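# Examination of the molecular architecture
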Amino acid sequence: MATCRARLFCGLNIRGLHCSVNKCTPLSAVRKLHTNGQKSRAELLRFSNLVLRQRRSDCQFSRSMSGFVGKDKDIVFRQLLEYKSFTYSYLVADPDTKEAILIDPVIETVPRDSKIVKDLGLNLKYAINTHVHADHITGTGFLKKQFPTCKSAISAASKADADIKLKEGDKLTFGKYKLEVRSTPGHTNGCITYVWHEKEMAFTGDALLVRGCGRTDFQEGSSETLYNSVHNKIFSLPPNYTLYPAHDYTGQTSTTVEEEKMMNPRLTKSKEEFVKIMKELNLPYPKQIDKALPANLVCGLYNLPEEFSKS
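Just so we're clear, the structure is a prediction, and the values are computed from it rather than from any experiment.

Positioned with a positive phi, Glu200 is a non-glycine residue whose angle comes to about 55°. Tracing the sequence through the fold places Glu200 in the loop between β11 (192-196) and β12 (201-205). Phi at Asn282 takes a positive value of approximately 50°, unusual for a residue other than glycine. In this fold, Asn282 is placed in the loop between α8 (271-279) and α9 (289-296).

Here's what the structure looks like:
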């Protein structure tokens, strides 16, 4: 068994590890050194000071944004799951300005998402949707109650209420970054994809899923339009761009442009074959559509469940 050489003096309980102050030393050797009185008072004091300095450094680090950023050290990125509808929400932020955007929030997970935003010390600038969802109620309206300066955004073509009505080519800025809006209708008439060029990412909503795509048999959907949207607006991105969908039902979290261009079982077909595939899906009527659509047309603030209407 080994322990930190400072363990007997600093009180830390580190077994077989070191505390970034000293290397491991066998416990028997530490005891021998201690009992033989070979450690001077000055050396013990040095050990204590080093440990205290390390603890202060750890505390300061935990309060700084550097501990919250992604692997590139200059972004905050969180992929968040709502497990009832298998919806992914995405939190992106600039750690320098603290400005953040939340994509496709779900009303049931607003308390969780709000806590993350507050814990990270972020300023939620926008809560945005990729389209008018039919399988859950959006959390944008509820988030605006939690963060009064937050603005909601959705495609103008969706005919839904929001602070900002988006169209092709618009940009949503947060700190030094921006999301480009690409119109990708077909699943619904108001679908959009948000492209984060600086980080080679795109948030595709239901237009393009991992090895799949959104259905086209309701909300003014069109298989021909969806095929054109994906091929012209998403597959035209560089092949290495990472694609993040609004849903996945198999546990996958992301894909790439190149993967889907090569392996998507529907969208690698000709347009005629794709239309035939979509027509023959015979999918059931969405369970939440009658509740979700009216609410989502008004930012998720219509006929709310009781626990949310009181907030």
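So that's the structure; there's more coming.
All right, on to the state of the cysteines then. Here the structure, examined in full by the defined rule, presents zero disulfides. The structure places no disulfide on Cys150, whose sulfur is separated from the nearest cysteine sulfur, that of Cys299, by 8.6 Å.

Below, the discussion takes up the sheet that holds strand β14 (residues 255-256). Ordered by their spatial adjacency, six strands build an open sheet running β9-β10-β11-β12-β13-β14, and the pairing between neighbours is mixed. Both outer strands of the open sheet, β9 (171-174) and β14, are each paired with one neighbouring strand and no more. Here strand β13 (residues 242-245) pairs with β14 via two bridges, running antiparallel. Paired with Thr242 across the bridge in β14 is Thr256.

With that settled, the discussion passes to the packing of aromatic side chains. Enumeration according to the criterion identifies 12 aromatic pairs in this entry. Ring plane angle 55° and centroid distance 5.1 Å describe the contact between Phe77 and Tyr244, whose orientation is recorded as tilted. In this pair, Phe77 is assigned in strand β3 (residues 76-82) and Tyr244 in strand β13, connecting sequence segments 167 residues apart. In this pair, the class of Phe77 matches that of Tyr244, namely buried. Residues Tyr88 and Tyr90 carry aromatic rings whose centres are separated by 6.2 Å and whose planes lie at 45° to one another, so their mutual orientation is tilted. Residue classification places Tyr88 among the buried residues on the basis of a relative accessible area of 7%. Through pairs of rings, three or more aromatic residues link up here, namely Phe77, Tyr88, Tyr90, Phe203 and Tyr244.

Reading guide: rules and limits
- Residues numbered from 1 in each chain as written.
- Predicted model: local features only at pLDDT ≥ 70, side-chain atom pairs only at ≥ 80, totals over all residues.
- Heavy atoms only, no water.
- Helix = DSSP H or I, 4+ residues; strand = E, 2+ residues; numbered from the N terminus.
- Disulfide = S-S within 2.5 Å.
- Pairing = 2+ DSSP bridges.
- Phe/Tyr/Trp six-rings, centres within 6.5 Å; stacked < 30°, edge-to-face > 60°.
- Buried < 20%, exposed > 50% of the residue type's maximum accessible area, 1.4 Å probe, protein only.

Read these as layout, nothing more, since geometry by itself doesn't imply function.
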